Amino acid sequence: MSETQSSERITVFSDYVCPFCYLGRESLRQYQSTREEKLEIDWHPFDLRSGKRNPDGSIDHSVDDGKDEDYYEQAKESVRRLQAKYEVEMDLDIATDIDSLPAQIASYYVKEHYDYETWLTFDVAVFEALWQDGQDIGDEDLLVDLAEDAGVDGDEIRSALADDALRSAVREKFTAAQRQGITGVPTFAYDGHAARGAVPPEQLKRLVEGT
């Protein structure tokens with residue numbers, strides 16, 4: 001990773017529809033709780049559906065991405081194992097039909113225009129809406145409600161979701177992540193090193209502290 005980071009920020013590449021991203025964030029939260037010094041998240045969006053996405057941004061679910069029933073069953077088993085390990089309750093194991101692009105656009109807007117704590121509140125709310133409540137985070141009205149609960153003007157979110165330039169900027173972030181060698185999420189990056197997957201808190205500690 002070429003990005004320079006201070007000791008107080010960890011870069012996280014993730015997609016809201018990835019259950020391992022949700023579980024990885026819980027692992028990160030558990031690690032953060034052991035630290036005296038605050039560790040902020042520098043979030044970078046990643047598109048798990050890039051191979052199915054049409055030029056207009058919609059998803060073509062008919063595209064064969066090589067993920068069959070066996071793949072999803074194995075993924076579900078891995079999710080359930082990590083749920084137990086990290087003591088996380090989840091309403092869903094896998095979210096195959098939800099498009100996270102609107103949520104990522106909204107989150108990117110909040111990250112760019114509001115303070116860190118506001119973004120983090122919104123970010124956590126999006127994850128929980130999907131994985132705790134089974135809600136469609138591609139729904140504009142839901143994103144507006146979550147944003148307003150976080151202290152963001154809902155009309156700004158509606159404008160952001162209709163902004164073609166912002167949509168293009170987020171999709172460029174997807175491309176940039178791939179150029180950086182990010183092939184799967186979550187990926188945690190710190191000081192030139194990276195860990196991929198919903199790795200345990202002790203592995204995140206080694207990544208950040210080298211111990």
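Higher on the page you've got the structure.
These numbers come from a predicted model, not from an experiment.

Participant: In this structure, what is going on with the sheet that holds strand E3 (residues 187-190)? I would like to understand it.
Facilitator: The four strands lie next to each other as E2-E1-E3-E4, forming an open sheet whose pairing is mixed. Two strands close off the open sheet at either side, each with one partner strand: strand E2 (40-45) and strand E4 (193-196). Direction aside, the axes of adjacent strands within the sheet are offset by 25 degrees on average. With respect to the sheet, helix H3 (residues 101-113) is in contact with strand E1 (9-14) and E2, its orientation differing from that of E2 by roughly 135 degrees. Packing against the sheet, helix H4 (residues 116-131) makes contact with E1 and E2, and its axis sits at approximately 60 degrees to E2.

Participant: Would you explain helix H5 (residues 140-149) in this entry?
Facilitator: Three or four residues apart is the spacing at which side chains of an α-helix point the same way, because the helix has 3.6 residues per turn. Along H5, the residues that are buried comprise Leu142, Leu143, Val144, Leu146 and Ala147. Where H5 is buried, its residues meet H3, H4 and helix H6 (154-161). Regarding H5, its N-cap is Asp139, as a side-chain oxygen of that residue lies 3.3 Å from the backbone nitrogen of Asp141 further along. Looking one or two residues beyond H5, the residue adopting positive phi is Gly151, at roughly 95 degrees.

Criteria and thresholds
- Residues numbered from 1 in each chain as written.
- Predicted model: local features only at pLDDT ≥ 70, side-chain atom pairs only at ≥ 80, totals over all residues.
- Heavy atoms only, no water.
- Pairing = 2+ DSSP bridges.
- Helix = DSSP H or I, 4+ residues; strand = E, 2+ residues; numbered from the N terminus.
- Axes fitted to C-alpha atoms, helices over the stretch in contact; angles between N-to-C directions.
- Contact = heavy atoms within 4.5 Å.
- Buried < 20%, exposed > 50% of the residue type's maximum accessible area, 1.4 Å probe, protein only.
- Polar contact = N/O pair within 3.5 Å; in protein donor to acceptor, adjacent residues only side chain to side chain.

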